[in-house]
Amino acid sequence: MKVLFLVSEAVPYVKVGGLGDVAGALPEALRRAGVEVRVVMPRYGLLDPQALGLRQIRDNFPVEMDWRREACQLWEDPRTGVWFVENQYFFGSRHMVYGNGDEVEQFVLFCRAALEACRLEGWIPDVVHGHDWPTAAAIRLHWAAPGRAGLVFTVHNLAHQGAQRPNGWPLLGVYDGRGPLNLMQQALFCADAITTVSPTYAREIQTPDFGFGLDGQLRERSDRLVGILNGLDLAAWDPATDPALPQNYGPDDPAGKQACKQALQREMGLPVQDVPLIGVVSRLDFQKGVDLVVQGLDEILATTSAQLVILGSGDQGLEDALRRASAAHPTRVATWLGFSAPLSRRIYAGSDLFLMPSLFEPCGLSQMIAMRYGSLPVARATGGLVDTIVDCDQPEGFGYLFGPYRWEAMVQTLARALVDHADPRSWGAARNRAMTQDFSWDRAARSYLEVYRQSMVFAGHPAAD
Ligand code: ADP
Ligand code: GLC
């Protein structure tokens, strides 16, 4: 079975959040399950073909879009088989993945070019699998093609829908489209199968609170919607081998974790003390609930001896608030504003607790990484956090969950965790359970394979192997 896997970010090339992690690891797991996967993504300006060893396999092929024609190039990474679509204007010189003013045009062009590249190369997929709104146009465009492939669309985050352009219909070749174009909505309409990244989020997005206006449509298509829990790349995220850590460790010899904690305290300019260390690694976006951390900070500092280490970037107001907090409490709060993969790894390793008070969380990889690195999550009970964390109020628990989206509830749950933390024996046992959870991708890959087969049947093809 040939699967065209369209995505806007993928490790090791470019990563903004968990989507990049997923697109780096899932194709490999699908290959292990016998699927022939072709990942296609844009060749952003920040990706240097020379440095990455890419080779150009097609130059200047025309892609029709609305009234104009764009020249595109196709590159391949010979080591991974990943294809990169380039267009000088939309991708060639741009260094931001998202947030360009014309991103709807940008990603529609990407989708058109990716489908055209497959046709020109004679690589005809059995299934087109798109991830999030930047690839939604491919689902809509290919839906109209004769003898089309099965269409699978995965929602990683319903908050972003590709609806910014006032009249975007002509981009899809539709000149009498009514109302504003919403690319995500189009893909949800056309896909043979819709998946999302956790079973709980699959239920949540069918309600007005989480549906961002598309819950009605998702309810109508609930027979085609399934939640498949993300996995974690266990080789890429392993404290026993992680080269970014000052000392490696594993579930059976967690002593190295103490060394990582002290090194982190030193690196972040905090006093090296035997106090609980709480880590946060997050996009600073309203989704992530970092406003609860800001609101609850005084109470945490007043009622506990804990230190906080926070890594993130995004919302200006949150960045300013965190900057002020670490200036006001330099011995308790250390903030690094920006994106740093190595520092994120040292925070997962050096912290005792990982705070993730998300307003909503389709799956969340950070809590899984934290658990694998022996940092117990304190998280809000939503989406994939519910599906990956068992609360320590259960005998086999290895984390902490709270319900109401209120800083008081977060602080109360943190206090509960800190009481447990003070008992080294039971804490060690819970940490061991966290570190040995099975988050491998293979189970998810089997579920995707099943969804691919179904999508082909819905598209009118006999199920392929
Ligand atoms: P989301 O995709 O919504 O951001 P996830 O929890 O699924 O949330 O994935 C976030 C990924 O991005 C994790 O791998 C996390 O370590 C990483 N990450 C988030 N913020 C940063 C940052 N500032 N620096 C480095 N890595 C980050
Ligand atoms: C999105 C979601 C996150 C999920 C990730 C990968 O970025 O916000 O919860 O883990 O996609 O599926």
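Since we're looking at a predicted model, the values are computed, not measured.

**A few points about the overall build of the protein**
Helix and strand counts for the protein come out as 17 helices and 15 strands. Relative to the compact-globule value of 23 Å for 465 residues, the protein shows a C-alpha radius of gyration of 23 Å, a close match. Taking the principal axes of the C-alpha coordinates as reference, the protein spans close to 65 × 45 × 40 Å. Across the 465 residues in the protein, those meeting the buried criterion constitute 60%. Sequence-distant contacts, at least 24 apart, represent 68% of the contacts inside the protein between residues at least 6 apart. Just so you have it, the protein exposes about 18200 Å², and 51% of that area is on carbon and sulfur atoms. Within the protein, one finds 42 positive and 53 negative side-chain charges whose respective centroids are separated by 2 Å.

**Looking at the site of ligand 1**
Taken together, 24 residues surround ligand 1, and among them G18, D21, R283, K288 and Y348 come closest. Contacts to ligand 1 include D21, whose side-chain N or O atom sits 2.7 Å from an oxygen atom. Note that an oxygen atom of ligand 1 is positioned 2.7 Å from one of the side-chain N or O atoms of R283. Protein chains bury 93% of the 560 Å² of accessible surface belonging to ligand 1 in isolation. Counting residues per element, the ones that place at least two in the shell around ligand 1 are α1 (18-32), β10 (277-284), β11 (307-314), α12 (341-350) and α13 (366-372). Of the residues assigned to the shell around ligand 1, the class counts are nine nonpolar, 10 polar and five charged. Both domains that meet at the shell around ligand 1, namely domain 1 (2-231 + 442-458) and domain 2 (255-438), each give it at least three residues.

**Quick look at the sheet that holds strand β14 (residues 376-380)**
Strand order in the open sheet formed by six strands is β12-β11-β10-β13-β14-β15, with parallel pairing between adjacent strands. Each edge of the open sheet is held by one strand with a lone partner, namely β12 (333-337) and β15 (400-402). On average, each strand axis in the sheet is inclined to that of its neighbour by 15°, with strand direction left out of account.

**Overview of the packing of aromatic side chains**
Taken as a whole and judged by the stated rule, the model has 15 aromatic pairs. On the basis of an interplanar angle of 70° and a centroid distance of 6.4 Å, the ring pair of W237 and Y373 is categorised as edge-to-face. In this pair, W237 sits in the loop between β9 (225-227) and α9 (255-267) while Y373 sits in the loop between α13 and β14, placing the two residues 136 residues apart along the sequence. Relative accessible area serves as the criterion here: at 0%, Y373 is assigned to the buried category. Taken together, a centroid distance of 6.5 Å and an interplanar angle of 15° make the contact between Y400 and W427 stacked.

**Quick look at the site of ligand 2**
Close contacts around ligand 2 come from 14 residues, with H156, N230, Q287, E361 and G364 the closest. Measuring from an oxygen atom of ligand 2, one finds a side-chain N or O atom of E361 at 2.5 Å. Here an oxygen atom of ligand 2 sits 3.5 Å away from a polar atom, N or O, in the main chain of P362. Protein burial of ligand 2: of its 310 Å² of free accessible surface, 94% is covered by the chains. The leading source of residues in the shell around ligand 2 is α1, at three residues. Classifying every residue of the shell around ligand 2 by side-chain character gives six nonpolar, six polar and two charged. The residue makeup of the shell around ligand 2 includes at least three contributed by each of domain 1 (2-231 + 442-458) and domain 2 (255-438).

**Re the sheet that holds strand β2 (residues 36-42)**
Sheet architecture is open: nine strands sit in the order β3-β4-β5-β2-β1-β6-β7-β8-β9, paired in mixed fashion. Each edge of the open sheet carries a strand with a single partner, namely β3 (55-65) and β9. The mean angle between the axes of side-by-side strands here comes to 25°, regardless of whether they run parallel or antiparallel. The pairing of strand β4 (residues 68-76) with strand β5 (residues 83-86) spans four bridges and is classified as antiparallel. For W75, the partnering residue across the bridge sits in β5 and is F84.

Conventions used here
Residues numbered from 1 in each chain as written. Chains lettered and ligands numbered in written order. Predicted model: local features only at pLDDT ≥ 70, side-chain atom pairs only at ≥ 80, totals over all residues. Heavy atoms only, no water. Helix = DSSP H or I, 4+ residues; strand = E, 2+ residues; numbered from the N terminus. Rg over C-alpha atoms; globule rule 2.2 N^0.38 Å. Buried < 20%, exposed > 50% of the residue type's maximum accessible area, 1.4 Å probe, protein only. Contact = heavy atoms within 4.5 Å. Areas by Shrake-Rupley, 256 points an atom, 1.4 Å probe, with all protein chains shown as cover. Lys, Arg positive; Asp, Glu negative; His and termini not counted. Charge placed at Lys NZ, Arg CZ, Asp CG, Glu CD. Near = heavy atom within 4 Å. Polar contact = N/O pair within 3.5 Å; in protein donor to acceptor, adjacent residues only side chain to side chain. Nonpolar A, V, L, I, M, F, W, Y, C, P; charged D, E, K, R; others polar. Domains from an automatic or database assignment. Pairing = 2+ DSSP bridges. Axes fitted to C-alpha atoms, helices over the stretch in contact; angles between N-to-C directions. Phe/Tyr/Trp six-rings, centres within 6.5 Å; stacked < 30°, edge-to-face > 60°.

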